[in-house]
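Geometric and topological summary
Read off the chains here:
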Amino acid sequence: QVQLVESGGGLVQPGGSLRLSCEASGSILSINVMAWYRQAPGKERELVADTANKYADSVKGRFIISRDNTKNTVYLQMNSLKPEDTAVYYCNAQGLSLPYTAIQRFNAWGQGTQVTVSS
């Protein structure tokens, strides 16, 4: 199995910055793509950014996604935060794993980390 653990969420004032981290562990053979999603109260989960360099229009120029392949870790640097960025942020990873004797595709999610932007 593959597990994702996120960290770095919290409360920040408008205009501030936060950096989220997500580390993948388990019987991983390879990770094709890692991504960050978010879900605000009463709204659907939406893609924020992925390591294929896709960004939501609402975060372009403010958020930067990066990846450390040696650590199976993805980061999300969030700058110039706005109250509308408030949400639970989820990490996602897709790739191949070898839990037993057969290679399997995986699509794993983290437990989510709360980001609140408020004065």
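Before reading on, note that the structure itself is shown above.
Summarised in this report is the structure supplied together with it. For clarity, every value in this text was computed on a predicted model and none was experimentally measured.

Take the nonpolar core next. Formed by 31 residues in total, the largest nonpolar core has its most connected members in Leu-4, Trp-36, Val-48, Phe-63, Leu-76, Met-78 and Tyr-89. Sequence-distant contacts of Leu-4, that is, excluding residues within four places in its chain, are made with Cys-22, Glu-23, Ala-24, Cys-91, Asn-92, Ala-93, Ala-108, Trp-109, Gly-110 and Gln-111.

Moving on, we come to unusual backbone geometry. Although it is not a glycine, Asn-53 adopts a positive phi angle of roughly 70°. Inspection of the secondary structure assignment puts Asn-53 in the loop between β5 (46-50) and β6 (54-55). Judged by its relative accessible area of 59%, Asn-53 is exposed. One non-glycine residue, Asn-72, lies in the positive phi region at around 50°. Assignment of secondary structure puts Asn-72 in the loop between β7 (63-68) and β8 (73-78). In this structure Asn-72 comes out as partly exposed when scored by relative accessible area, which is 26%.

Before going further, it helps to examine the sheet that holds β7. Neighbouring strands of a sheet are bound in pairs by backbone hydrogen bonds; such pairs are parallel or else antiparallel. Ordered in space as β1-β3-β8-β7, the 4 strands form an open sheet in which the pairing is antiparallel. Strands at the two margins of the open sheet, each flanked by one partner only, are β1 (2-7) and β7. Direction aside, neighbouring strands of the sheet carry axes that sit 15° apart on average. As paired elements, β1 and strand β3 (residues 18-26) share 6 bridges and run antiparallel to each other. Following the sheet pairing, Glu-6 is matched in β3 by Cys-22.

This brings us to the pattern of salt bridges. Across all of its chains, the model carries 4 salt bridges by this definition. The closest approach of N and O atoms between Glu-46 and Arg-38, which form a salt bridge, is 2.7 Å. Note on Glu-46: relative accessible area 34%, which makes it partly exposed. The closest approach of N and O atoms between Asp-85 and Arg-38, which form a salt bridge, is 3.0 Å. Separated by 47 residues along the polypeptide, Asp-85 in the loop between β8 and β9 (87-97) and Arg-38 in strand β4 (residues 28-39) bring together distant segments of the chain. Classification of Asp-85 by relative accessible area gives buried; the value is 1%. A single salt-bridge network, built from bridges that share partners, covers Arg-38, Glu-46, Arg-62 and Asp-85.

Cut-off values and rules
- Residues numbered from 1 in each chain as written.
- Predicted model: local features only at pLDDT ≥ 70, side-chain atom pairs only at ≥ 80, totals over all residues.
- Heavy atoms only, no water.
- Core = buried A, V, L, I, M, F, W, Y, C linked by side-chain atoms within 4.5 Å.
- Buried < 20%, exposed > 50% of the residue type's maximum accessible area, 1.4 Å probe, protein only.
- Contact = heavy atoms within 4.5 Å.
- Helix = DSSP H or I, 4+ residues; strand = E, 2+ residues; numbered from the N terminus.
- Pairing = 2+ DSSP bridges.
- Axes fitted to C-alpha atoms, helices over the stretch in contact; angles between N-to-C directions.
- Salt bridge = Lys/Arg side-chain N within 4 Å of Asp/Glu carboxyl O.

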